[in-house]
Amino acid sequence: MDETPSDRKQQGKGREYLSVTRVTGPLIVVSGVEGAAYGEVVEVTVPSGERRTGRVLESREDTAIVQVFGGTEAVDTVSTSVRFTGETMKIGVTEDLLGRILDGTGEPIDGGPLLIPDAMRDISGDPINPSARDFPRDSIETGISAIDGMNTLVRGQKLPIFSGSGLPHARLAAQIARQARVRGEAESFSVVFAAMGITYEEADFFIRNFRETGALEQAVVFVNRADDPVIERLITPQVALTVAEYLAFDLGYHVLVILTDMTNYCEALREVAAAREEVPGRRGYPGYMYTDLAGIYERAGRIKGREGSITQIPILTIPNDDITHPVPDLTGYITEGQIVFSRDLHRKGIYPPIDLLPSLSRLMQGGIGEGRTREDHAAVKDQLYAAYARGRRLRNLVAVVGEESLGEIDRLYLAFADRFEREFLRQPENERRSFEETLDAAWRLLSMLPESELVRIEPSLIERYYPRRTEG
Amino acid sequence: MTITGTVARISGAVVSARGLAGARMYDVVRVGNDRLVGEIVVLDRDVATIQVYEDTEGIAPGEPVTTTGMPLSVELGPGLLGTIYDGIQRPLEIIRDETGDFIVRGVHAPGLRRDRGWDFTPIVRRGDRVGPGDRLGTVVETEVHEHRVMVPPGVQGRIEEIASVGRYSVEEVVATVRDDTRLHRVRMLQYWPVRQPRPVRMRLEPIDPLISGQRVIDTFFPLMKGGTAALPGPFGAGKTVVQHQLAKYVNADIIVYVGCGERGNEMADVLRQFPALVDPTTGKSLMDRTVLIGNTSNMPVAAREASVYTGITIAEYYRDMGYDVALMADSTSRWAEAMREISGRLEEMPGEQGYPAYLASRLADFYERAGRMTVLGSTDRTGSVTVIGSVSPPGGDFSEPVTQNTLRVVKVLWALDADLAHERHFPAINWLTSYSAYAGRVQGWWAERAAPMWEEYRAEMMGVLQAESELLETVQLVGEDVLPEEDRLVLVQARLIRDGFLIQSAFHPVDTYCTAEKQYLMLELLVRFYRQAREAVDAGVSAAAVGGLAVKSRLERMPFVPNEAFPDEYARVEREIAEAFAGLTAGRSAYGVTTRG
Ligand SMILES: Nc1ncnc2c1ncn2[C@@H]1O[C@H](COP(=O)(O)OP(=O)(O)OP(=O)(O)O)[C@@H](O)[C@H]1O
Ligand SMILES: [Mg+2]
């Protein structure tokens, strides 16, 4: 590992070495390096002349461990050269990114005009000072009852979709991007879309969708596809969020960030950890995955005194529909709720197939109620949840003991759960319901139950909204 | 004396430096050209391994590392209350003023402001003999809290000078104390190393409950001042909401809230709500009694590791003044994970699930810092630190190391349950698996407050809930209609206890806080209803008929009746119960046993 003068040649302001001594998975070890900074960007040139970007993962006095984003294929230990740039990883940001399609590292792939950055920003970003955060309270009308009525999304929230392979998460995310509005504001969201390891078909679905609805002009699209280098997708969310932060906090846009598929991101993370022979955590994912994911998800929010906001909708397909799998588990521990898909509902032909019981929006509370959505919103939501949960429990019971054994009230709950799924949850993909329409639909369903059952709702609200009363 | 070495290796939050012979374990060092704060965690001859409290990106081998000769310490003195700090006590609001909305590294600001004066009133005189913990004077720190300036541990002797009434900054000397050999200058500002518990005279048993206004806690699984509680649960089960509720409403003097590796918006939520909320005991702004430590999940992981120590040291400091302090740590799992992450970078031998072998002892040492104590000082004074730790078990599985090792040391378990949370039964504290070792000890407190039957009532209602869980197993197999009427009544009553007592909405303006008095009256009505129902069922009335009584809805809505109005409601409901059952038994004699299913 001793450095020989021939290994090293100075070039420009960077330092260039021909001393790759080890290649393992996506990592290379470069020896004889002097003073490589942790996180420093390197440029790797393989014998064919192709250039790839890498980043220092660990730096010692004479060696650097480098993660190569384009993959280590064709890297050799003789003539591959590694140039240390003296820079940490940055991306050029500009408003002109809107309407553009880029690869997973931020290089344009749409053949559009050259981008001239307004500023260079470090992609890892700095944490928002908690005391600078403005607590998100502006509820977003997505037009989807299952979300607006039961798990209201708020501007500046991070709310993932927990899906499974073959479920229509892409359709739902596209629908939200298309329909989302804040009440009383005409302007829609700008979209930053980051695809990691998704298929050509899925990527195309989004791009086509954005194009058809005209949303593409207000969108920045980053695509790392399934056949693109795996390690590249480790920087895609960071690059995308750096652009989102610029649009939101420098230029004042309300940005909706869609990240799909976070499971692929986590797998890339696992691959690097394995190559470094780190002590594996649950199911082989590294122990720092929580911290790593937090570095992505916490880049959502609002900042006091600044106009814009970042709302995040990460999508993850849960391996084997197991919600305790580390990817959804750690995500759920960081995000502000989750929208959980159900294969059962999907099979029943219900769109959106949202399983409401495990779904949650933690910021809903501050975004609803009088002056925001409607005074009865919180109580109606609580009551719907209680009634639907009871109906679902009875459904399981009936499967064993039969419906005959149920009392009259229980039968009402059973019927309630069915109608709730068919009339409230289910909704056409192009239908946009207002908050009022959603809440009115809720009251129509609640009127299946006698007033005495509506114990989560205060009598004064029942007086005002319970249909049997208002009609009769 | 400082020693300077050079960076040899950087791997995430862990940096090694050579040329540091003479540096001491746990000393704070400054790392690199940006002078990032770090702490020595391993020494091997002249090589020190350092955990760095700031982002290490851009640091390169060869950059300088300097020791400060001091272990990681906090600044103690007036000005802590109402402040939000990061994990190593950097005041976040001041940092924001200096560097903007994002935390850039290499910024430093002292924990206590130097530019502010405090009105000091002495209580000792020249010539008085004083020792550690004795009060030298007082400062009005917030509207409600008298800050007691104490003789620091290790200082003893005669007062040679004491500052007169006046305004002083924390750095000014307010007293000088002479012992046999030297003169000690005492300032309001004092330092204490965070990893070392502050000394006390004696440990005492807890005697008073910590009342939270949360029914399932106060009535069924009470905590005491100086006690410890664990709050494990899967994501979304309600740990943070419970911790916020406790921070808002417990009858402690001082709250230290540690947001350890959790969400930025949750800290923002506290900062938004607390200043406007009123402390139920003093009627003043909640922020006046609160110290916040916010080291969110995206802030440096080593500072997250330090944050719980920073928090508990501040808690001990106020305890030493004679206050009852409650500390909430949300979440201790993130702290444990920070330990694991650093341990992994140190290439230590991993224990269970990759956690370091010392996980159990670190957890135990932390919870041991809770307690009711006779504090230092020549007069007998007590203070307490209560600790409530959230635990975030992976996959919600309590068999994992952090939950298990925590349960070995805490006295109260509030086990949060995903199923309850999914049904929106909040707080989702599972009444079958939770426990409190203090239940027997708080009985006297309730008895003194016009709740003589407290123990009997809660036992009776808990009995119903336990019976329900067994019956539900049968129902799952064969349905409800095979059950005898008295068992079906158990199911009706258990539902009533759930809906009318256990469920408590943190977001409802009335229900968010339920006084001890109201809790007892609610419990009494539930018991009264049940006893009358039992009699009626014995007399041949069906459980379904009991379940259909209008007064039952009234009981289910008790949570929404304001605390002040509850005694009146109590009287009305009591009467209605009597009438309803009189009606039922009369109806039965008229129609026979008809109502069923
Ligand atoms: N007492 C309560 N009353 C009403 N709603 C509650 C209550 N407790 C919890 N909730 C609901 O549950 C949601 C999740 O609670 P919380 O954020 O406290 O979960 P958590 O256990 O801390 O999750 P995590 O581990 O991910 O931080 C809240 O946003 C709120 O909607
Ligand atoms: Mg929480």
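Residues numbered from 1 in each chain as written. Chains lettered and ligands numbered in written order. Predicted model: local features only at pLDDT ≥ 70, side-chain atom pairs only at ≥ 80, totals over all residues. Heavy atoms only, no water.

### Description of the site of ligand 1
Applicable threshold: We call a residue near a molecule or strand whenever a single non-hydrogen atom of that residue lies within 4 Å of it. Polar contacts, as used here, are pairs of N or O atoms within 3.5 Å; protein pairs need one atom able to donate a hydrogen and one able to accept it. Residues neighboring in sequence count only if both atoms are side-chain atoms. Secondary structure elements are taken from DSSP: a helix is a run of H or I of four residues or more, a strand is a run of E of two residues or more, and numbering for both begins at the N terminus. Three residue categories are used. Nonpolar comprises Ala, Val, Leu, Ile, Met, Phe, Trp, Tyr, Cys and Pro, charged comprises Asp, Glu, Lys and Arg, and polar comprises the others, including Gly.
Close to ligand 1 lie 20 residues; Arg362(A), Lys239(B), Thr240(B), Val241(B) and Arg263(B) are nearest. One finds residues of chains A and B in close proximity to ligand 1. One of the side-chain N or O atoms of Arg263(B) is found 2.7 Å from an oxygen atom in ligand 1. Considering every element that reaches the shell around ligand 1, the biggest residue donor is helix α3 (residues 239-249) of chain B, with 3 residues. Here the residues of the shell around ligand 1 are counted per class, giving 10 nonpolar, 6 polar and 4 charged.

### Some points on the packing of aromatic side chains
Residue and element names in this part refer to chain A. Here is the rule we go by: Ring geometry is summarised as follows: Phe, Tyr and Trp rings, the Trp one being its six-membered ring, pair when their centres sit within 6.5 Å, and such pairs are stacked at plane angles under 30 degrees, edge-to-face over 60 and tilted between the two. Summary of the burial criterion: residues with accessible area below 20% of their type's maximum are buried, those above 50% are exposed, and those between are partly exposed, where the area comes from a 1.4 Å probe applied to protein chains only.
The final tally for this structure, using the stated rule, is 24 aromatic pairs over all chains. Taking the centre distance of 6.1 Å and the plane angle of 45° together, the rings of phenylalanine 206 and phenylalanine 210 count as tilted. Highlighted residues: phenylalanine 206 and phenylalanine 210, both in helix α3 (residues 200-212), separated by 4 residues, approximately one helical turn. Take phenylalanine 206 and phenylalanine 210: they sit in the same class, and that class is buried. Ring centres 4.7 Å apart and planes at 40° place the aromatic pair tyrosine 388 and phenylalanine 420 in the tilted group. Within this pair, whereas tyrosine 388 is found in helix α10 (residues 377-401), its partner phenylalanine 420 is found in helix α11 (residues 408-425), the two being separated by 32 residues in sequence.

### Considerations on the sheet that holds strand β10 (residues 129-130) of chain B
Residues and elements named next belong to chain B. What counts, and what does not: Pairing between two strands is assigned when DSSP locates at least 2 bridges connecting them.
The strand order across the open sheet built from 4 strands is β10-β13-β15-β16, with neighbouring strands paired in antiparallel fashion. The open sheet has two free edges, formed respectively by β10 and β16 (183-187), since each of these has just one partner strand. Of the pairings in the sheet, the one linking strand β15 (residues 173-178) to β16 comprises 5 bridges and is antiparallel in character. When the sheet's bridge partners are listed, alanine 175 is paired in β16 with valine 186.

### Description of the interface of chain B and chain A
Reports of interface size often rely on the accessible area that becomes lost once the parts have come together. Basically, it comes down to this: In what follows, residue pairs with any heavy atoms lying within 4.5 Å of each other are defined as contacts. What counts as buried area is the accessible surface, traced by a 1.4 Å probe, that two parts surrender upon association, with contributions from both included. Note on definitions: salt bridges are taken to be side-chain nitrogens of Lys or Arg within 4 Å of carboxyl oxygens of Asp or Glu.
Facing the 75 residues of chain B at the interface are 82 residues of chain A. Here chain B packs against chain A, burying approximately 6500 Å² in sum over the two surfaces, 53% of which is carbon and sulfur. Counting across the interface, chain B meets chain A through 6 salt bridges. Across the salt bridge formed by Glu57(B) and Arg55(A), the nearest N and O atoms sit 4.0 Å from each other. Inspection of the chain B/chain A interface yields 33 residue pairs in polar contact (both at pLDDT 80 or more). Listing elements by their share of the side of chain B that touches chain A, those giving two or more residues are β1 (4-11), α1 (92-99), α4 (264-273), α5 (301-320), α6 (332-345), α11 (454-478), α12 (485-502) and α15 (550-556) of chain B. Here the element with the most residues in the side of chain B that touches chain A is α4(B); it accounts for 7 residues. Its residues placed into classes, the side of chain B that touches chain A shows 28 nonpolar, 22 polar and 25 charged. Where strand β6 (residues 51-60) of chain A lies against β1(B), 2 bridges are found, and the strand directions are antiparallel. When the bridges of β1(B) are listed, Ser59(A) appears paired with Ile10(B).

### Let's talk about the sheet that holds strand β9 (residues 118-122) of chain B
Residues and elements named next belong to chain B. Inclusion rule: Orientation is described by lines fitted to C-alpha atoms, with helices fitted over the stretch in contact, and by angles between N-to-C directions that extend from 0 to 180 degrees.
Pairing is antiparallel across the open sheet formed by 4 strands, whose spatial order is β12-β11-β9-β14. Lying at the two open borders of the sheet, with one neighbouring strand each, are β12 (146-150) and β14 (166-168). Adjacent strand axes in the sheet meet at a mean angle of 40°, parallel and antiparallel pairs treated alike. Strand direction decides the pairing type here: strand β11 (residues 135-140) and β12, joined by 5 bridges, are antiparallel.

### Quick look at the nonpolar core
We count it as follows: By convention a nonpolar core is built from buried Ala, Val, Leu, Ile, Met, Phe, Trp, Tyr and Cys residues, the set being connected through side-chain atoms within 4.5 Å.
Ranked by size, the top nonpolar core spans 169 residues in total, and within it Phe416(A), Trp414(B) and Val546(B) carry the most contacts. Of all the elements, helix α13 (residues 516-538) of chain B adds the most residues to this core, at 13 residues. If we ignore the near neighbours within four places in the chain, the residues touching Phe416(A) are Leu384(A), Ala387(A), Tyr388(A), Leu445(A), Leu446(A), Met448(A) and Leu449(A). Residues Tyr85(B), Val194(B), Val385(B) and Val391(B) belong to the second largest nonpolar core, which totals 67 residues.

### Quick word on the pairing of β11(B)
Residue and element names in this part refer to chain B. Counting buried positions along β11 gives 5 out of 6 residues, so the element sits mostly inside the fold. Bridge count between β9 and β11: 3 bridges; the pairing is antiparallel. Of the residues in β11, the one forming a bridge with proline 122 is glycine 137. Two successive antiparallel strands, β11 and β12, enclose a turn made up of 5 residues.

### Description of the packing of helix α10 (residues 439-448) of chain B against α11(B)
Geometrically, a packed helix pair is captured by the angle between its two axes and the distance between the axes. Residue and element names in this part refer to chain B. What counts, and what does not: Any angle that falls under 35 degrees is termed roughly parallel, while one over 145 is termed roughly antiparallel, one within 65 to 115 roughly perpendicular, and all others oblique.
Orientation of α10 relative to α11, taken along the N-to-C sense of each, is 135°, at an axis distance of 9 Å. The orientation of α10 relative to α11 falls into the category oblique. Mapping the contact onto sequence places Ala439, Val442, Gln443 and Trp446 in α10 and Trp454, Glu455 and Arg458 in α11. When its residues are assigned to classes, the contact of α10 with α11 shows 4 nonpolar, 1 polar and 2 charged.

### Some points on the environment of Val385(B)
Residues and elements named next belong to chain B. Turning to its location among the elements, valine 385 is positioned in strand β24 (residues 382-391). Residue valine 385 is classed as buried on the basis of its relative accessible area, which comes to 0%. Remark: the alpha-carbon pair of valine 385 and tyrosine 438, spanning 53 residues in sequence, is separated by 16 Å. The contacts of valine 385, once residues within four sequence positions are left out, are Gly226, Gly227, Ile312, Ala315, Glu316, Arg319, Val325, Arg369, Ala370 and Gly371.

### Considerations on a nonpolar patch on the surface
Where we set the bar: The patches reported here contain residues having more than 30% relative accessible area and no salt bridge. Joining distances are 9 Å for like charges and 5 Å for nonpolar side chains (Val, Leu, Ile, Met, Phe, Trp, Tyr). Areas reported as accessible are Shrake-Rupley estimates using a 1.4 Å probe. Residue values count occlusion only from the protein chains shown.
Judged by side-chain polarity, Met25(B), Tyr26(B) and Leu43(B) come together as a nonpolar surface patch covering roughly 230 Å² of accessible area. By the element assignment, Tyr26(B) lies in the loop between β2 (14-18) and β3 (27-31).

### Structural notes on the environment of Arg121(A)
Residues and elements named next belong to chain A. In this structure, arginine 121 sits in strand β11 (residues 119-122). Looking at arginine 121, the relative accessible area reads 28%, which means it is partly exposed. As a C-alpha pair, arginine 121 and isoleucine 91 span 30 residues in sequence and 5.4 Å in three-dimensional space. When residues no more than four places from it in sequence are discounted, the contact partners of arginine 121 are Met89, Lys90, Ile91, Val93, Thr242, Tyr246 and Asp250. Side chain to side chain, arginine 121 and aspartate 250 meet in a polar contact 3.0 Å long.

### Brief notes about the pairing of β2(B)
All names here are of chain B. Counting buried positions along β2 gives 4 out of 5 residues, so the element sits mostly inside the fold. In this structure, β1 lies alongside β2, joined through 5 bridges in antiparallel fashion. Each bridged residue has a counterpart across the sheet, and for valine 7 the counterpart in β2 is alanine 17. Once β1 ends, the chain turns through 2 residues before running back antiparallel as β2, passing glycine 12 with a positive phi of about 60°. Where β2 meets strand β5 (residues 47-52), 4 bridges bridge the pair, whose relative direction is antiparallel. The residue bridging valine 14 from the neighbouring strand is glutamine 51, located in β5.

### Topic: the side chain of Glu468(B)
Residue and element names in this part refer to chain B. Counting through the fold element by element, glutamate 468 comes out in helix α11. Taking the relative accessible area as the measure of exposure, glutamate 468 reaches 3% and is therefore buried. Among the polar contacts listed, one links the side chain of glutamate 468 to the side chain of arginine 498, at a separation of 3.0 Å. Non-local contacts of glutamate 468, meaning those with residues more than four positions away in its chain, are made with Trp431, Val490, Leu491, Ala494, Arg495 and Arg498.

### Digging into the packing of α12(B) against α13(B)
All names here are of chain B. Short version of the rule: Handedness of a helix crossing follows the sense of rotation of the near helix relative to the far helix, less than a right angle counterclockwise being left-handed and clockwise being right-handed.
Two numbers describe how α12 lies on α13: the axes approach to 11 Å, and their chain directions differ by 165°. Judged by the inter-axis angle, α12 sits roughly antiparallel to α13. In this structure, α12 crosses over α13, and the sense of that crossing is right-handed. Across the interface between the two elements, Glu485, Glu486, Leu489, Val490, Gln493, Leu496, Ile497, Gly500 and Phe501 of α12 pack against Gln519, Met522, Leu523, Leu526, Phe529, Tyr530, Ala533, Arg534 and Val537 of α13.

### As for the confidence of the model for chain A
Applied cut-off: The predictor reports its confidence for every residue as pLDDT, a score running from 0 up to 100.
Residues at a pLDDT of 70 or more form 96% of chain A, whose mean pLDDT is 91. A low-confidence stretch, residues 1-12 of chain A stays under pLDDT 50, and its non-local contacts, those more than four residues away or across chains, total 20 contacts.

### Notes on helix α5 (residues 262-275) of chain A
Residue and element names in this part refer to chain A. For clarity, the cut-off: How far a helix is expected to stretch is found by multiplying one less than its residue total by 1.5 Å.
With 14 residues, α5 extends 20 Å between its outermost C-alpha atoms, agreeing within 8% with the 20 Å of an ideal straight helix rising 1.5 Å per residue. Among the 14 residues in α5, 10 count as buried, and that is most of the element. Every buried residue of α5 is accounted for by Met262, Thr263, Asn264, Tyr265, Cys266, Ala268, Leu269, Val272, Ala273 and Ala275. Two or three places before threonine 263, at the start of α5, stands the capping residue aspartate 261, its side-chain oxygen 2.8 Å from that residue's backbone nitrogen. Just past α5, the residue glutamate 277 takes up positive phi, approximately 55°.

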